[in-house]
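Architecture and fold: a report
Take a look at the letters that make up each chain.
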Amino acid sequence: MEERQKVVLSSASLALVAFSWGTSYAIIKDTLTSVTPFFLMMLRFGLSTVLLGLVYNKKLLRIKRKDLQRGSVIGIFMFFSFFTLVTGIQYTTASKQSFLVGSYVLIVPFLAWMINRKKPDRYAIAGAALATAGLALLTLGGADRFGRGDLISLFCALSFALHMITIERYSKDSDPILLTIVQFAVTALIFTVLAGIWEGYDFSAISKVRISVAYLVIVATVIAFVVQNVAQRYISSTSTALILTLEAAFGSVFAVLYLKETMTSAMILGCFIVLVG
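Notes on the structure in this doc start here. This is a predicted model, so every value here is computed, not measured. (Residues numbered from 1 in each chain as written. Predicted model: local features only at pLDDT ≥ 70, side-chain atom pairs only at ≥ 80, totals over all residues. Heavy atoms only, no water.)

Digging into a nonpolar patch on the surface
Inclusion rule: For patch detection, residues must exceed 30% relative accessible area and be free of salt bridges, and they are connected within 9 Å for like charges or within 5 Å for nonpolar side chains (Val, Leu, Ile, Met, Phe, Trp, Tyr). In these tables, accessible area is a Shrake-Rupley quantity obtained with a 1.4 Å probe, and a residue counts as shielded only by the protein chains included in the view. Between Lys or Arg on one side and Asp or Glu on the other, a salt bridge is scored when a side-chain nitrogen of the former is within 4 Å of a carboxyl oxygen of the latter. By definition, any uninterrupted DSSP run of H or I lasting at least four residues is a helix, any uninterrupted run of E lasting at least two residues is a strand, and each is numbered from the N terminus. Accessible area is worked out with a 1.4 Å probe on protein chains only. A residue is then buried under 20% of its type maximum, exposed over 50%, and partly exposed in between.
Residues Leu51, Val55, Ile218 and Ile223 make up a contiguous nonpolar surface patch of roughly 330 Å² in combined accessible area. Every element with two or more residues in the nonpolar patch is listed here: helix 2 (37–55) and helix 10 (210–231). Relative to the elements of secondary structure, Ile223 occurs in helix 10. Assessed through its relative accessible area of 47%, Ile223 is described here as partly exposed.

Okay, here's the thing in structure tokens:
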């Protein structure tokens, strides 16, 4: 397959990832009415680690020290991303959090410039500016006051930005599947410890949320992060961030349909500007 075809296919695949992540905000918020946040994340990433490990068990036998080291670094940023996501969503709406987390589109190009020495071109800067303007309309167009959950969600955006940049840095000469398994395992381990300290393990609650957990594990975690790790071998973290801002638009629409949240005309305009960006 030609390089350009790989770029196009990677971009299209990331748009589907954006859809799965956009829908996950409302599902997580709804699921948290039945289970505690750290326990839910323990299930999500623990089951994802087991599932992906079983599918690619032969690859695991060939894992190298550098895969463990690099996957662990990515996994720490993944943990902080979902720690702030699942904490922040308890104090704000699913649609608003999806908008705020999407602000990583402005952070990624400049962090990538600082860390990976990859200067963004004028198209990336213009796209980031448009997407940020759209996100501002989405966030402020239907917002109440800026609260604690919103501030935590901005830290989530920063964590996701660092996660994307470390993937770009390490995925070029490492197996993306192995990196994905290791980062899932690191994230699951930390959430298991936190759940044990602050929440306990209520496995009886799983039956109430089994469909939601299955969606989060299979669609929004295993498939989505494998696709992201593979796609970033062919496109930059800046382009990845721009494509993934679609999750804000998908998240807002799904929150309206699933949780009956409301959208104003300004928020709808914001969705359109994000698409243009």
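Some words on the nonpolar core
Convention followed: Among buried residues, the Ala, Val, Leu, Ile, Met, Phe, Trp, Tyr and Cys ones that are joined through side-chain atoms within 4.5 Å form a nonpolar core. Throughout, a residue-residue contact means that at least one pair of heavy atoms, one from each residue, lies within 4.5 Å.
Core analysis: the biggest nonpolar cluster contains 59 residues, and Ile28, Leu40, Met41, Phe82, Tyr104 and Leu244 have the highest contact counts within it. The element contributing the most residues to this core is helix 10, with nine residues. The residues contacting Ile28, other than those within four sequence positions of it, are Leu40, Met41, Arg44, Leu85, Val86, Ile89 and Leu216.

Focus: the packing of helix 2 against helix 10
Rule in force here: Comment: axis = line fitted to C-alpha atoms, over the contacting stretch for helices; angle = value between 0 and 180 degrees taken between N-to-C directions. By definition in this entry, angles of less than 35 degrees are roughly parallel, angles greater than 145 are roughly antiparallel, angles of 65 to 115 are roughly perpendicular, and the rest are oblique. Here is the rule for handedness: rotate from the far helix to the near one, and if that takes an anticlockwise turn smaller than a right angle the crossing is left-handed, while a clockwise turn gives right-handed. Asp, Glu, Lys and Arg are counted as charged, while Ala, Val, Leu, Ile, Met, Phe, Trp, Tyr, Cys and Pro are counted as nonpolar; the rest, among them Gly, fall into the polar class.
Two elements in contact, helix 2 and helix 10, have axes whose closest approach is 9 Å; the angle formed by their N-to-C orientations is 55°. Compared by their axis directions, helix 2 and helix 10 come out oblique. Considering only the axes of helix 2 and helix 10, their crossing is right-handed. Note on element contacts: helix 10 touches helix 2 through Val213, Leu216, Val217, Ile218, Ala220, Thr221, Val222 and Val226, opposite Leu40, Leu43, Arg44, Phe45, Leu47, Ser48, Leu51 and Leu52. Considered class by class, the residues forming the contact of helix 2 with helix 10 number 13 nonpolar, two polar and one charged.

Observations concerning helix 1 (residues 3–31)
The criterion, for reference: Multiplying 1.5 Å by the residue count of a helix minus one yields the expected span of that helix. The reported bend at a residue is simply the angle between two axes, fitted to the 7 residues ending at it and to the 7 residues beginning with it.
Taking 1.5 Å per residue as the helical rise, helix 1 with its 29 residues ought to reach 42 Å, and the 41 Å between its terminal C-alpha atoms agrees with that figure. By the largest-angle criterion, Ser24 marks the main kink of helix 1, which is about 30°.

Observations concerning empty space enclosed by the protein
Filter applied, for reference: Residues are called lining when one of their atoms sits within 4 Å of a cavity or pocket point, these points coming from a 1 Å grid over the protein atoms alone, where a cavity is a set in which a 1.4 Å probe fits but cannot get out and a pocket is an open set with protein on both sides within 12 Å along at least five of seven lines. Grid points are joined across faces, edges and corners, and a volume is the space filled by probe spheres set on the points.
As enumerated under the stated definition, the model contains one cavity of 30 Å³ or more in all. What lines the largest cavity is Trp21, Ser24, Tyr25, Arg44, Phe82, Leu85, Tyr104, Phe160, Phe225 and Glu247. Within the residue set of the lining of the largest cavity, elements represented by two or more residues are helix 1 and helix 4 (65–88). Of the residues forming the lining of the largest cavity, the biggest block, three residues, is contributed by helix 1. Split into classes, the residues belonging to the lining of the largest cavity amount to seven nonpolar, one polar and two charged.

A look at helix 10
In this model helix 10 runs 29 Å from its N-terminal to its C-terminal C-alpha over 22 residues, within 8% of the 32 Å that 1.5 Å per residue would give. Bending of helix 10 peaks at approximately 30° at the position of Ala224.

What to know about the side chain of Thr166
Within the fold, Thr166 resides in helix 8 (residues 148–170). Residue classification places Thr166 among the buried residues on the basis of a relative accessible area of 11%.

With respect to the packing of aromatic side chains
Under the convention used in this document: Under the pairing criterion, centres of Phe, Tyr and Trp rings, with the six-membered ring standing for Trp, must be within 6.5 Å; the plane angle then separates stacked pairs below 30 degrees from edge-to-face pairs above 60, leaving the rest tilted. Each ring is checked for a lysine NZ or an arginine CZ that lies within 6 Å of its centre and within 35 degrees of its normal; such an atom marks a charge sitting over the ring.
The tally for this structure, following the rule as stated, stands at 15 aromatic pairs. For the pair Trp21 and Phe225, a centre-to-centre distance of 4.8 Å together with 45° between the ring planes defines the contact as tilted. Placement of Trp21 in helix 1 and of Phe225 in helix 10 is noted, with a sequence separation of 204 residues between them. The same class applies to Trp21 as to Phe225, namely buried. Feature note: the residues Trp21, Phe45, Phe82, Phe160, Phe184 and Phe225 constitute an aromatic cluster, connected by ring pairs. Across the ring face of Tyr91, the terminal group of Arg148 is positioned such that the distance to the ring centre comes to 3.9 Å.

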